[in-house]
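Architecture at a glance
Here is what each chain is made of, one letter per residue.
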Amino acid sequence: MHQEADQTLWTGRLDSEDVPAHFRQFQTVKFSRQADVAWLGYAIDEGVRLNKGRMGAAAGPDAIRRAFAGLPARVDVSDYGNVVHDHDTLIETQREYAEIAAGLMKDSRLTLLVGGGHDIAYAQYMAMKQVYKKQKIGVINIDAHFDNREEVSPTSGTSFRYMLEEDDALRYFVLGIQEAGNTQALFDYAAANRTSYVLADHLEHVSEDVERQLHEFIRAHDVILFTICMDVIDSAYAPGVSASAVFGLTPQVVARLSQIVMQSGKVPSVSIAEVNPAYDADNRTAKLAAHLLYRIAQ
Ligand SMILES: N=CN[C@@H](CCC(=O)O)C(=O)O
Ligand SMILES: [Mn+2]
Ligand SMILES: [Mn+2]
């Protein structure tokens, strides 16, 4: 079910009511009105539940909004509210979300899809397929996990397998994979199914080789589906997730990877997943997600 934006979430420090140079995002945000950037929340942790994870990601979108609201006003953003899960099955909710997201993608330079569990990525894919019917879509995920599990219906751990099974030509590039976070079966599926990856251990910084791999992948596609799973970031920085990472990436590396992807000019939508306020400390994971989106959207 779609819920209109909750305008009370957009508050922050008020430095001036009339001098724009003092404004913060909460003073310029629009609601259900076209802007450069569209924002749609996926307030859903049903996929996490189905994947045997820790519940709480349904509160992620609003926590990220609150953190974004207080940032200096540099992004022209319109908040289109949240989708919540009230269907019998998750796939029905994902379809509903995809429908709305596709509409926003047609009207906006960039659409921010804010989760919620990483099942948001499959909804994002369905939306991209609606809008970019003839284009070659490449999928870039920054994640500790492949999320390529085999299940009869979607969970937060299946999004990329569903995409790969649906489209024989689709290629998937995931950065930040942890050996300790994925069983051999998931590595085997990746090896057999058009998946390239860079291990977290090779992302202490973004090497020239990784940058070259990213550029090659981007060059081979017309549009890029870009998604970030916050559990790729070390739990010292991002404790508020279902499956927290030790030996995870630094925020700086994720920001640099995102910058390279966004500079391609081929990214109509970005999703950010798995922020779980129930396990957060001082809102730092929500804040980090908000700051990543802030950099991405400029
Ligand atoms: N979206 C998260 N997916 C991971 C979670 C791993 C875990 O719970 O430890 C996965 O299914 O592999
Ligand atoms: Mn993950
Ligand atoms: Mn994930």
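Read on for an overview of the structure. Only a predicted model underlies this, so the values are computations on that prediction, with no experimental measurement involved.

Conventions we followed
- Residues numbered from 1 in each chain as written.
- Chains lettered and ligands numbered in written order.
- Predicted model: local features only at pLDDT ≥ 70, side-chain atom pairs only at ≥ 80, totals over all residues.
- Heavy atoms only, no water.
- Donors = N, O, S within 2.8 Å, 3.2 Å for Na, K, Ca; no water.
- Helix = DSSP H or I, 4+ residues; strand = E, 2+ residues; numbered from the N terminus.
- Buried < 20%, exposed > 50% of the residue type's maximum accessible area, 1.4 Å probe, protein only.
- Contact = heavy atoms within 4.5 Å.
- Near = heavy atom within 4 Å.
- Polar contact = N/O pair within 3.5 Å; in protein donor to acceptor, adjacent residues only side chain to side chain.
- Areas by Shrake-Rupley, 256 points an atom, 1.4 Å probe, with all protein chains shown as cover.
- Nonpolar A, V, L, I, M, F, W, Y, C, P; charged D, E, K, R; others polar.

Regarding the coordination of the manganese ion (ligand 2)
Coordination of the manganese ion (ligand 2) by the protein is provided by Asp143 (OD), His145 (ND1), Cys229 (SG), Asp231 (OD) and Asp231 (OD), with metal-donor distances spanning 2.1 to 2.7 Å. The sequence pattern formed by the donor residues of the manganese ion (ligand 2) is D-x1-H-x83-C-x1-D. Separation of the manganese ion (ligand 2) from the manganese ion (ligand 3) amounts to 3.1 Å, with Asp143 serving as a shared donor to the pair. Here Asp231 lies in the loop between strand E9 (223–229) and helix H9 (251–263) and His145 lies in the loop between strand E6 (137–142) and helix H6 (159–166), a separation of 86 residues in the sequence. Comparing His145 with Asp231 shows no difference in burial state: the two are buried.

Points about the side chain of His221
In this structure, His221 sits in the loop between helix H8 (208–219) and E9. Here His221 falls in the buried class, since its relative accessible area comes to 2%. Here His221 is in contact with Lys136, Ile137, Gly138, Arg171 and Lys266, once residues within four sequence places are set aside.

Re the site of ligand 1
The local shell around ligand 1 consists of Asn51, His145, Asp147, Arg149, Ser156, Gly157, Ala243 and Glu274. Taking Arg149, its side chain carries an N or O atom lying 2.6 Å from an oxygen atom of ligand 1. One nitrogen or oxygen atom from the main chain of Ser156 is found 3.0 Å from a nitrogen atom belonging to ligand 1. Expressed as a share of its isolated accessible area of 340 Å², the protein-covered part of ligand 1 is 78%. Classifying every residue of the shell around ligand 1 gives one nonpolar, four polar and three charged.

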